[in-house]
Amino acid sequence: MAKIPIDIPEIIKLFGPHLNRVPSGGWVASEEDDKMVKTHCCFCGQQCGIQLRVRNNKVVGWEPWEDFPFNFGKLCPKGVKRYMQDEHPDRLKFPLQRVDGKGFERVSWDAALDRVATEIRRIQAAYGNNAFALLTGASLTNEKAYLIGKFARVAVRTANIDYNGRLCMVSAGAASKKVFGIDRSANPWSDIPKAKVILVAGANVAECAPITTDYLWQARENGGKLIILDPRLTPIARNADLYIPVRSGGDIGVFNGMLHIMVERGWIDRDFIAEHTTGFDQVADTVKKYTPEFAAKIAGVPADMIVRAAELWGPAPTSFLLHARGIEHHSKGVENCMAAINLVIASGRIGREGCGYAMITGQGNGQGGREQGQKCDQLPGSRDISNPEHRKYIAGVWDVPEESIPGKGLSAVPLIEAVHDGKIKGLLSICFNPSVSLPDANFVRAALEKLEFYVNIDFFLSETGHYADVILPGSLMEEDEGTTTNVEGRVIRHRKVVDPPGEAREDWKIVCDLAQRLGHGDKFNYRSPREMFEELRIASKGGVSDYYGMTWERIEENNGLFWPCPQPSHPGTPRLYEGGKFGHPDGKAHFIPVEWRPSAEMPDEEYPIILTTGRVVSHFLSGTQTRRIGGLVDQYSQPQCEMHPRLAEQLRVHDGDFVKVESRRGSVVVRAQVVKTIRPDTVFVPYHWPLDRSANNITIRAIDPVSNIPEFKICAVRVTRVEQPHDAIAELEVQAGGVR
Amino acid sequence: MIHLEVIERRDSVQTAPQVCMHCEDPICARVCPADAIKKTLDGVVQSSLKPRCIGCSNCVLSCPFGVPKYQVEIDQMMKCDMCYDRSSVGKKPMCATVCPSGALTYATAEEIQRTRRGIAINSWKFGDEEVRTKVFVIVPREVEQVNIKLVQISGTPAALHQDPYDVALMLEAAK
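Counting restarts for each chain: residues are numbered from 1 in the order of the written sequence. Written order determines the labels here, with chains lettered from A and ligands numbered from 1. Reporting in this predicted model follows two pLDDT cut-offs: at least 70 for local features of residues, and 80 or more for side-chain atom pairs to be given and counted; totals over whole chains, interfaces and linings ignore these cut-offs and use all residues. With hydrogens and water stripped out, all remaining heavy atoms of the structure feed into the side-chain values.

Student: Is there a simple way to explain unusual backbone geometry in this structure?
Tutor: If a residue is not glycine, its phi is most likely negative; likewise, a peptide bond is most likely trans. Residues and elements named next belong to chain A. Residues Gly16 and Pro17 are joined by a peptide bond in cis, for which omega reads 15°. For Pro17, the position within the fold is in the loop between helix H1 (8–15) and strand S1 (35–40). Residue Pro564 is bonded to the preceding Trp563 through a cis peptide linkage, with omega at -5°. Residue Gln47 is not a glycine yet carries a positive backbone phi of 55°. In this description a helix means any DSSP run of H or I spanning at least four residues, a strand means any run of E spanning at least two, and both kinds are numbered starting from the N terminus. With respect to the helices and strands, Gln47 occurs in the loop between S1 and strand S2 (49–55).

Below, the structure written as structure tokens:
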């Protein structure tokens, strides 16, 4: 019965998002702190080191952690203001249940957990085990990601568990796995400043991975050249040596065009290709027709930009490729990444100092979150759930019959489609806000309403939580402990800073209690996250992402350890592929030819403009946390539609006018921001906001056939000038989905 | 107490953080009728002293860098004091510690020389007025002084002359 129980403005009055501007205890400088805890930011995959200041079991402030050898004390606005999520008036402190027409009422933990267990069993008895699904998150620690994957397979016994890394890292991961045999950034960040040419493809580094900016600028100070591919001139593009304003979905034109020129001019490493790779001839054949002129048509840029890119990249002594969601959020996301990576292996510049490749992982534990078995197709240690030997090994670790482990389940988008189709009747979500973050949000909301039972574990009531039958108050990152794996593949320690407030509990305790009520308590007898890590070590042993040699102590002593780390004496592996040894059984990198093909929805007469979506520096993902922090909302308060003055003139729109951005699926009404820093055929709307301000009302529910990542970066829209809306949602505060 | 200026969002994504430059001879202090603005022996210009500040905003109007801000709620001028509580005990100012791009940095002359292509200068000219500051800016090697003519102060045209960041013009650019 997952329907919103009362009007949305009424729920928002009670649960926010409200803005917090003052830390616990007010602005007091003179009092001594009880302690200062070295830990990491809860937000993006950079996982910057930070120290949190504690007084009376409350986070009251922070200090930079200048010794941590990744960010060296540096932070972005989200990191600086993150402590404002502690002691927040919106914090969920008690279990709640939905009461139709009244909202949500407080219940005891026993009553809430009993009801969840009963509903899971009822739904599974009536419709089959797979009719109950789990949606989880890549902000969970490794320990929790491991636990929830095991919980789904061992306690709930459903195949249908997937995570919101599906919206983030799966295209990059799949491409890396296909080409290199390993899904991880190949190099530590310390290699970036040593590269003489850096290609950044589809990454708004300054806003989405701000700390990495310093690494790029260091490279430039060392004389390195910077090439940026993006339909928008982002803050790092402004200072690039070559900025290519590629049409969204046209990236393969640039990559194949560059490789075409490199082959033609002999800027490829034939010895390396012969010794360490397979499949180059086929790729060379494929790029033959990608002359600069042909490539330029696909990319939507002048041909000489592609030539210039090849001239910079081709003969460089050292080079580094960075890519992110800009090329990955496509129905050909994996192909985009492979075409980019082909430039790396054709040059032979990988696996040594200043030479390599990295994907810029988006979510806090985007790397570790995809290794520990919460993906629909994976078991811990990046093992394949369809591989009999992998299944057998994990069945041994879990002490369950191999046949009891379900097979491959549905990934996030098909999973929501199965909910819409009535095939999945029950849902547990943790750390996932699909009504804001999945594409085609109107469809997602309609799907949620069809659930017979929905339980939501979270620390704030997200917009998806509005649909919940039961809400279980979980823990913030700083209220629990464990490890995450950062953008470099470095496993780091998150320390517990304070206790969860009220009756809120550490997420893992909630999951273990549910497992016990489902009759599998014996497999979930953990007394601490450390015990989960010890089991995870064994589960990952011999896998691709091998953590076996790590202990929490070793991780702390070394300021993080890079996987694979197969033995307690092993120093970890900061740089992969040294000596040209790749992760496939044949030890080689596999070239895979890629042909450009159109995106799922191209602009046409009816919907003539390209919409692309993305982030702004002061907000994170669906905004559940950052839309509750005053300073961050002040910095960027409501979504705007960026458009070029030429397009604005055609549409008779002035800066600040309200516009309706509309696709075949839905629309938003937001203010126009007229800027010259975007392609005239493209508009941009950031996606952090809910309801009538959700860019995902517009986006298309098309996914990559391999990675199943949604195509957030291109769909067809039309844009019209409208009057300011004054309905009940528009009148909400901006952080809740209103407009001003 | 530093502020971030967006130069002209329509034309560019450029931003500029403005910290107090800590003038050797701070004009804000010289024009203060209440003698509320003091410079420490190590050359750091402080916020106004609460018992003395009369909120007249002379300092706000006189500073060529636009640094001091009058705070209505507390009827007092506040400005960047190089995080004196931190920098006086050997720590870096907070802005230079957390700046994710190194645009703001707190380092020795040797470190700057080693890590940057440009050079650091602290000499300014506003019209006929010469100003030397404790804070340096990094400029191309051939520049010796930042020289801002009065005509620029009275009104810099909103649009950049060649429109270097107009994506439409880039796409049209022929060989």
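Let us keep going from here.
Student: Can you walk me through the interface of chain B and chain A in this structure?
Tutor: The figure often quoted for interface size is the accessible area lost as the parts come together. Contact with chain B, which involves 31 residues of that partner, is made by 40 residues of chain A. In the sections that follow, a salt bridge refers to a side-chain nitrogen of Lys or Arg positioned within 4 Å of a carboxyl oxygen of Asp or Glu. Counting across the chain B and chain A interface gives eight salt bridges. N or O atoms closer than or at 3.5 Å make up a polar contact, with two conditions inside protein: a donor-capable atom paired with an acceptor-capable one, and, for residues adjacent in sequence, both atoms drawn from side chains. For the pair chain B and chain A, the number of links is 13 residue pairs in polar contact (both at pLDDT 80 or more). Those elements giving two or more residues to the side of chain B that touches chain A turn out to be helix H4 (94–98) and helix H7 (167–172) of chain B. Each residue gets one label: Ala, Val, Leu, Ile, Met, Phe, Trp, Tyr, Cys and Pro are nonpolar, Asp, Glu, Lys and Arg are charged, and the others, such as Gly, are polar. Residue composition of the side of chain B that touches chain A, by class: 13 nonpolar, six polar and twelve charged. Only heavy atoms enter the contact rule, under which two residues are in contact if any of them lie within 4.5 Å.

Student: Just checking my understanding: could you explain the sheet that holds strand S7 (residues 146–148) of chain B for this structure?
Tutor: Strands pair in a sheet through their backbones, by hydrogen bonds, and they do so in one of two ways: parallel or antiparallel. Residue and element names in this part refer to chain B. Across the sheet, three strands lie side by side as S6-S5-S7; this open sheet has mixed pairing. At either end of the open sheet lies a strand with only one pairing partner, and these are strand S6 (129–139) and S7. Pairwise comparison of adjacent strand axes, ignoring direction, gives a mean angle of 25° for this sheet. Two strands qualify as a pair provided DSSP detects at least 2 bridges between them. One ladder, built from seven bridges, connects strand S5 (residues 119–126) with S6; its direction is antiparallel. Along S6, the bridge assignment pairs Phe126 with Glu129. With axes taken as lines fitted to C-alpha atoms, and helix axes fitted only over the stretch in contact, angles between N-to-C directions fall between 0 and 180 degrees.

Student: Explain the packing of helix H5 (residues 170–180) of chain A against helix H14 (residues 333–347) of chain A here, please?
Tutor: In a pair of packed helices, the angle between the axes and the distance between the axes together describe the arrangement. Residues and elements named next belong to chain A. Remark: H5 packs on H14, axes separated minimally by 8 Å, with the N-to-C direction vectors making an angle of 45°. When the axis of H5 is compared with that of H14, the two are oblique. In terms of crossing hand, the pair formed by H5 and H14 is right-handed. Residues Ser171, Ala172, Ala174, Ala175, Ser176, Lys178, Val179 and Phe180 of H5 pack against Gly333, Val334, Cys337, Met338, Ile341 and Ile345 of H14. Working rule for angles: under 35 degrees goes down as roughly parallel, over 145 as roughly antiparallel, 65 to 115 as roughly perpendicular, anything else as oblique. The sense of a crossing depends on the near helix, which, turned anticlockwise from the far helix by less than a right angle, makes the crossing left-handed and, turned clockwise, makes it right-handed.

Student: Please explain the layout of surface pockets as it appears in this structure.
Tutor: By rolling a water-sized probe across the atoms, one finds the places where empty space is left. Residues and elements named next belong to chain A. Space inside the second largest pocket adds up to approximately 610 Å³. Of all the secondary structure elements, the ones that give two or more residues to the lining of the second largest pocket are H5 and strand S15 (383–384). Ranked by residue count, the leading element in the lining of the second largest pocket is H5, at five residues. Considering only residue class, the lining of the second largest pocket consists of nine nonpolar, 14 polar and eleven charged. Of the two site types, the cavity is a set of points on a 1 Å grid over the protein atoms alone where a 1.4 Å probe fits but cannot get out, and the pocket is an open set with protein on both sides within 12 Å along at least five of seven lines, each lined by residues with an atom within 4 Å of a point. Grid points are joined across faces, edges and corners, and a volume is the space filled by probe spheres set on the points.

Student: How should I be thinking about the pattern of salt bridges in this particular structure?
Tutor: Side chains that differ in charge, positive against negative, can pair when their charged atoms come close. Residues and elements named next belong to chain A. With the rule as written, the count across this model stands at 64 salt bridges over all chains. For Asp114, the salt bridge is made with Arg517, and the minimal N-O distance between the two is 2.6 Å. One end of the pair, Asp114, is in helix H3 (residues 109–127); the other, Arg517, is in helix H19 (residues 507–517), and 403 residues separate them in sequence. Classification of Arg517 as partly exposed rests on a relative accessible area of 27%. Taking the shortest distance from any N to any O, the salt bridge between Arg495 and Glu556 comes out at 3.6 Å. Here Arg495 is found in the loop between strand S20 (490–494) and H19, whereas its partner Glu556 is found in helix H21 (residues 552–557), with 61 residues between them in sequence. Of the residues examined, Glu556 reaches a relative accessible area of 32% and is grouped as partly exposed. Each of Glu601, Asp604, Glu606, Arg664 and Arg665 takes part in salt bridges that share partners, so that together they form one network. The cut-offs for exposure are 20% and 50% of the maximum accessible area for each residue type, with area from a 1.4 Å probe on protein chains only; residues under the lower value are buried, those over the upper are exposed, and the others partly exposed.

Student: Honestly, helix H8 (residues 251–264) of chain A in this entry has me stumped. Any pointers?
Tutor: Helical geometry: 3.6 residues make up each α-helical turn, so side chains three or four residues apart lie on a common side. Residues and elements named next belong to chain A. The span expected for a helix works out to 1.5 Å for each residue beyond the first. Over its 14 residues, H8 extends 20 Å from the first C-alpha to the last, a length consistent with the 20 Å expected when each residue adds 1.5 Å. The element H8 is largely enclosed, with a buried count of twelve among its 14 residues. Turning to H8, its buried residues number three or more, namely Asp251, Ile252, Gly253, Val254, Phe255, Asn256, Gly257, Met258, Leu259, His260, Ile261 and Met262. Following H8 by one or two positions, Gly266 has its phi on the positive side, about 75°.

Student: Could you clarify how one ought to interpret the nonpolar core in this entry?
Tutor: Looking at soluble globular proteins, one finds that nonpolar side chains tend to be buried together. Residue and element names in this part refer to chain A. Residues belong to one nonpolar core when they are buried, are Ala, Val, Leu, Ile, Met, Phe, Trp, Tyr or Cys, and are joined through side-chain atoms within 4.5 Å. One finds Phe151, Phe180, Ile198, Val200, Leu216 and Leu322 to be the most contacted residues of the largest nonpolar core, which totals 172 residues. Here this core gets ten residues from one element, more than from any other, and that element is H14. Within the second largest apolar cluster, 31 residues are counted, among which are Ala2, Phe104, Leu438 and Phe443.

Student: Would you explain the confidence of the model for chain B in this entry?
Tutor: Detailed reading of the predicted coordinates is not advisable wherever pLDDT is low. The quantity known as pLDDT measures the predictor's confidence residue by residue, on a range of 0 to 100. Looking at chain B, the pLDDT average stands at 90 and 91% of residues meet or exceed 70. Model confidence for the complex is summarised by a pTM of 0.96, with the ipTM given as 0.93.

Student: In this structure, what is going on with the pairing of strand S3 (residues 58–64) of chain A? I would like to understand it.
Tutor: Remember that side chains alternate between the two faces of the sheet whenever the strand is regular. Residue and element names in this part refer to chain A. With respect to burial, S3 is a largely interior element, six of its seven residues being buried. Bridge count between S2 and S3: six bridges; the pairing is antiparallel. Its bridge partner being in S3, Gln51 is matched across the sheet by Glu63. From the end of S2 to the start of S3, which pair antiparallel, there are two residues, and Asn56 there has a positive phi angle of about 50°.

Student: Looking at this structure, how should I read the sheet that holds strand S21 (residues 561–562) of chain A?
Tutor: All names here are of chain A. Reading across the sheet, the three strands line up as S19-S20-S21 and stay open at both edges, with antiparallel pairing between neighbours. Since the sheet does not close on itself, it has two edges, and those belong to strand S19 (482–485) and S21, each with one partner. Of the strand pairs in this sheet, S19 and S20 are connected by four bridges, and their pairing is antiparallel. Bridge assignment links Thr485 to a residue of S20, and that residue is Val491. Along the sheet face, helix H4 (residues 142–156) touches S19 and S20 and points at about 95° away from the line of S19.

Student: What am I meant to see in the packing of aromatic side chains here?
Tutor: Centre distance and the angle of the planes are the two values used to describe a pair of aromatic rings. Whether two aromatic rings pair depends on their centres lying within 6.5 Å, for rings of Phe, Tyr and Trp, where Trp uses its six-membered ring; planes under 30 degrees apart make the pair stacked, over 60 edge-to-face, and the rest tilted. Scanning the model with the defined rule gives 20 aromatic pairs over all chains in all. On the basis of an interplanar angle of 85° and a centroid distance of 6.4 Å, the ring pair of Phe524(A) and Tyr526(A) is categorised as edge-to-face. Comparing Phe524(A) with Tyr526(A) shows no difference in burial state: the two are buried. When the ring of Phe65(B) is compared with that of Phe126(B), the centres are 5.3 Å apart and the planes differ by 85°; the resulting orientation is edge-to-face. Taken together, the residues Phe65(B) in the loop between helix H2 (58–62) and strand S3 (69–71) and Phe126(B) in strand S5 connect sequence positions 61 residues apart. Taken together, the ring pairs in this structure connect Phe180(A), Phe272(A), Tyr357(A), Tyr577(A) and Phe582(A) into an aromatic cluster. Looking at Lys150(A), its charged tip hangs above the ring of Phe524(A), at a distance of 5.1 Å from the centre. Placement of a positive charge over a ring is assigned whenever Lys NZ or Arg CZ falls within 6 Å of the ring centre and within 35 degrees of the normal to the ring plane.

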